[in-house]
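Tertiary structure, described
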Amino acid sequence: MTSRRSPWRALTLFFMPAVLGLHSMPGLGDESWVGKAAPDFVLTSLDGRRVRLSELRGHVVLLNFWASWCAPCRVEMPWLTDLDKRLGARGLSVLGVSVDEPDDRERVARFIHDRPVGYPILLQDETVKSKYGGVQYLPQTFLIGRDGRILRRTYGIRSRADLEQSVRSALGSAPPRA
Amino acid sequence: MKSLSLLITALLVSALIGHANASSAAPSFYCDMSALTPAERTRHFDVLGPALVAKRTVVRELANGYEFELPSDAETWQQLAEYLEGERRCCPFFDIDLRIAPHHGPLRVRFTGRPGVKQFIEADAPDWIKPVTAVKP
């Protein structure tokens, strides 16, 4: 027994995966995070300081998950250093969270020694990774507003201009706190 | 029935627009954390990569990437095959061509891809693209 199917149905079935797959594609902003409070954490930096995310309330935070073996991360890091240098006075704080293996602390230290950055490098623990969705793709960056809410989540790198535009937009959204 | 058709049309238009936006917003370059185990990563980046860099006999700049020639001995072939398998899994943004020249000629591997790949290689892989100073037999 056969039935003649509507061409609309065929077209709908053809395009539905594109609709449903949008949020799972690496690199797209994941809208489900936008507006949520950024999960708080305390992590130790390479130089031994304890950094608590919530203490940066009032700043715009670029929370960048990276790894020393991740080539796109290495390309992006100078961009982040540059943004931190130029926009820090306007209230931007960049935090780099290394997701290298816990045993690779020395490797991360060597990496940063060879390619210094101007912002704190934090050493991840599994709890933080989990709080931020598991961090399957790198680099992964959360743009957090002055109120501690997530404005944007991206995977991979796009362009320096795109990154700066979103940071500038976040910085312009409210005056920095005293 | 007419309203159902309108609804479906709206869905299709939304899908097309969404797909277009997704294409333009999709990132060029990313790594998949789960692609390689820590041990595989160490071998890939600390052993295979440097070994192959040292074996390059030709570096060829292309309009949209780079091509490298390597000797066609069995060890190099095995290292290159293993390396490319890692690249394929870890860094899926590369379009990789591997050619085996006839009569035991060199292995030629070409890394290209979407716009920006060449600049990406230049920014991240200076060891790979630096000129080969001594041509090996």
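For the structure itself, consult the block above.
Residues numbered from 1 in each chain as written. Chains lettered and ligands numbered in written order. Predicted model: local features only at pLDDT ≥ 70, side-chain atom pairs only at ≥ 80, totals over all residues. Heavy atoms only, no water.

Residues and elements named next belong to chain B. Under the criterion given, the structure shown has 21 aromatic pairs over all chains. Centroid distance Tyr-66 to Phe-68: 6.5 Å. Interplanar angle 15 degrees. Geometry classified as stacked. Each of the two residues, Tyr-66 as well as Phe-68, counts as buried. Considering the side-chain rings of Phe-94 and Phe-111, the 5.2 Å spacing of their centres and the 75 degrees angle between planes classify their relative orientation as edge-to-face. Taken as a pair, Phe-94 in strand β4 (residues 94–100) and Phe-111 in strand β5 (residues 107–113) lie far apart in primary sequence, 17 residues in all. Here the two residues Phe-94 and Phe-111 agree in accessibility, since each one is buried. Among the aromatic residues, ring-to-ring pairing joins Phe-29, Tyr-66, Phe-68, Tyr-83, Phe-93, Phe-94, Phe-111, Phe-120 and Trp-128 into one connected group. (Phe/Tyr/Trp six-rings, centres within 6.5 Å; stacked < 30°, edge-to-face > 60°. Buried < 20%, exposed > 50% of the residue type's maximum accessible area, 1.4 Å probe, protein only. Helix = DSSP H or I, 4+ residues; strand = E, 2+ residues; numbered from the N terminus.)

The next thing to look at is the state of the cysteines. In this structure the tally under the stated criterion is 1 disulfide over all chains. Across a sulfur-sulfur distance of 2.3 Å, Cys-70 of chain A and Cys-73 of chain A are joined as a disulfide pair. With the S-S bond torsion at 80 degrees, the cross-link from Cys-70 of chain A to Cys-73 of chain A turns out right-handed. Neither residue differs from the other here; Cys-70 of chain A and Cys-73 of chain A are each classed as buried. Here Cys-90 of chain B is not cross-linked by a disulfide; its sulfur's nearest cysteine counterpart is in Cys-91 of chain B, at 3.2 Å. Of the residues examined, Cys-90 of chain B reaches a relative accessible area of 1% and is grouped as buried. (Disulfide = S-S within 2.5 Å.)

Taken together, Trp-77, Leu-98 and Ile-100 of chain B make up a surface patch of nonpolar side chains, about 270 Å² in accessible area. Locating Ile-100 of chain B in the fold gives a position in strand β4. (Patch = residues over 30% accessible without salt bridge, like charges linked within 9 Å, V, L, I, M, F, W, Y side chains within 5 Å. Areas by Shrake-Rupley, 256 points an atom, 1.4 Å probe, with all protein chains shown as cover. Salt bridge = Lys/Arg side-chain N within 4 Å of Asp/Glu carboxyl O.)

Right, let's talk about empty space enclosed by the protein for a bit. All names here are of chain A. Tallying each qualifying case throughout the model produces 2 cavities of 30 Å³ or more. The computed volume of the largest cavity comes to approximately 80 Å³. Lining the largest cavity are Glu-76, Trp-79, Thr-141, Arg-152, Thr-154, Gly-156, Ile-157, Arg-158, Ser-159, Asp-162 and Leu-163. A breakdown of the residues in the lining of the largest cavity according to their chemical character gives 3 nonpolar, 4 polar and 4 charged. The space that makes up the second largest cavity amounts to roughly 50 Å³. (1 Å grid on protein atoms, 1.4 Å probe; cavity = no way out; pocket = protein on both sides within 12 Å on 5 of 7 lines; lining within 4 Å. Points joined across faces, edges and corners; volume = space filled by probe spheres on them. Nonpolar A, V, L, I, M, F, W, Y, C, P; charged D, E, K, R; others polar.)

Moving on, we get to the layout of surface pockets. The space that makes up the largest pocket amounts to roughly 820 Å³. In terms of lining, the largest pocket is formed by 28 residues, of which the most central are Arg-74 and Arg-115 of chain A together with Phe-45, Asp-124 and Asp-127 of chain B. Elements supplying a minimum of two residues to the lining of the largest pocket: α2 (71–87) and α3 (105–114) of chain A together with α2 (38–55), α3 (74–90), α4 (117–124) and α5 (126–129) of chain B. Along the lines of polarity and charge, the residues of the lining of the largest pocket split into 16 nonpolar, 3 polar and 9 charged.

Between side chains of opposite charge, pairing is possible as soon as their charged atoms come close. Counted by the stated rule, this structure contains 21 salt bridges over all chains. In this structure, Glu-85 of chain B engages Arg-89 of chain B in a salt bridge whose closest nitrogen and oxygen atoms are separated by 3.0 Å. Taken as a pair, Glu-85 of chain B and Arg-89 of chain B lie in helix α3 at a separation of 4 residues, close to a single helical turn. Within this structure, Asp-82, Arg-86, Arg-160, Glu-164 and Arg-168 of chain A form a network of salt bridges that share partners.

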